Amino acid sequence: AIFDLEGNPTWVFQWSKVVEVGGEEEEEQPRTRKPPLAPTRFGALLDSGRLAFSNGADLEVVRELYRATAAAGFGELTALRFPRAGWGEAEVAELGAMLGEVPCPRVTTLDLSWNRELRSGEALGAVVGLLAPSLEVLDLRWCSALTSLPPQLGECAALRELILYECRALTSLP
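A brief report on the enclosed structure follows. (Residues numbered from 1 in each chain as written. Predicted model: local features only at pLDDT ≥ 70, side-chain atom pairs only at ≥ 80, totals over all residues. Heavy atoms only, no water.)

**Re the overall build of the protein**
The line we're drawing: By definition, any uninterrupted DSSP run of H or I lasting at least four residues is a helix, any uninterrupted run of E lasting at least two residues is a strand, and each is numbered from the N terminus. For each residue, the accessible area found with a 1.4 Å probe, counting protein chains only, is set against the maximum for its type, and the residue is called buried under 20%, exposed over 50%, and partly exposed in between. Residues count as neighbours in contact if any of their non-hydrogen atoms are within 4.5 Å of one another. All accessible-area figures derive from a Shrake-Rupley calculation using a 1.4 Å probe, and residue coverage is judged against the displayed protein chains alone.
Within the protein, the secondary structure is distributed over four helices and six strands. Within the protein, the proportion of its 174 residues that are buried is 39%. Across the protein, every contact between residues at least 6 apart in sequence was considered, and the portion connecting residues at least 24 apart equals 73%. When the accessible surface of the protein is split by element, carbon and sulfur atoms take 55% of a total near 9900 Å².

**A look at the environment of leucine 77**
Among the structural elements, leucine 77 can be located in the loop between α2 (59-75) and β3 (79-81). Here the alpha-carbon distance between leucine 77 and proline 103, two residues 26 residues apart in the chain, equals 10.0 Å.

**A look at the pattern of salt bridges**
Here is the rule we go by: A side-chain nitrogen of Lys or Arg and a carboxyl oxygen of Asp or Glu constitute a salt bridge if their distance falls within 4 Å.
Enumeration according to the criterion identifies ten salt bridges in this entry. With a closest N to O distance of 2.8 Å, aspartate 47 and arginine 63 form a salt bridge. Pair noted here: aspartate 47 is in helix α1 (residues 39-48) and arginine 63 is in helix α2, with a separation of 16 residues, a long-range link. In this structure, the salt-bridge partner of glutamate 76 is arginine 106, at a minimum N-O distance of 3.0 Å. Highlighted residues: glutamate 76 in the loop between α2 and β3 and arginine 106 in the loop between α3 (89-101) and β4 (109-111), separated in sequence by 30 residues. By relative accessible area, glutamate 76 is classed as partly exposed at 38%. We classify arginine 106 as partly exposed; its relative accessible area is 43%. A single network of salt bridges, built from pairs that share partners, joins Asp47, Glu60 and Arg63.

**Describing the side chain of asparagine 115**
Short version of the rule: Identification of polar contacts relies on pairs of N or O atoms within 3.5 Å, with a donor-acceptor requirement for protein atoms, meaning one able to donate a hydrogen and the other able to accept it, and with residues adjacent in sequence counted only if both atoms are side-chain atoms.
Position of asparagine 115 among the secondary structure elements: in the loop between β4 and α4 (121-131). Within the structure, the side chain of asparagine 115 is placed 2.9 Å from the backbone nitrogen of tryptophan 87, a separation counted as a polar contact. Each residue touching asparagine 115, except ones within four places of it in the same chain, is listed here: Phe82, Pro83, Arg84, Ala85, Gly86, Trp87, Trp142 and Cys143.

Below is the structure:
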């Protein structure tokens, strides 16, 4: 069990179909981890021919299976953790596209810590806006190039913890 600030046990949902293949979180060097693809973007890859499944006759089945799996897997999550993923604006925007298509209404924690390439709060704004009703913890520690925070933080009525340790490039708060 993990304990919250009041000492109450809290449970982290683990979806057995998601396997972390990266290194230990205590690594000094950031690793590169791609964000989850939105179902429409996965479909575009299928249509482009860059992903191939048998003779192509099963494309619609694969497309629907991906959408259903994403909805089932992400819909029940309570935390999205992408520390040290090596992300910048493009990857956070991709996460926003995924969340726009596959809602995560139970997510209370978003961890984007140690993503030192993240510079602007613009892409982050879409993600925060989509998670605003339930977001309680936003961890941006060591996002040392981040210069601004999104105004959507004001929509996060449940936000109780905003972690900005070593976000030295921040010039203003919303």
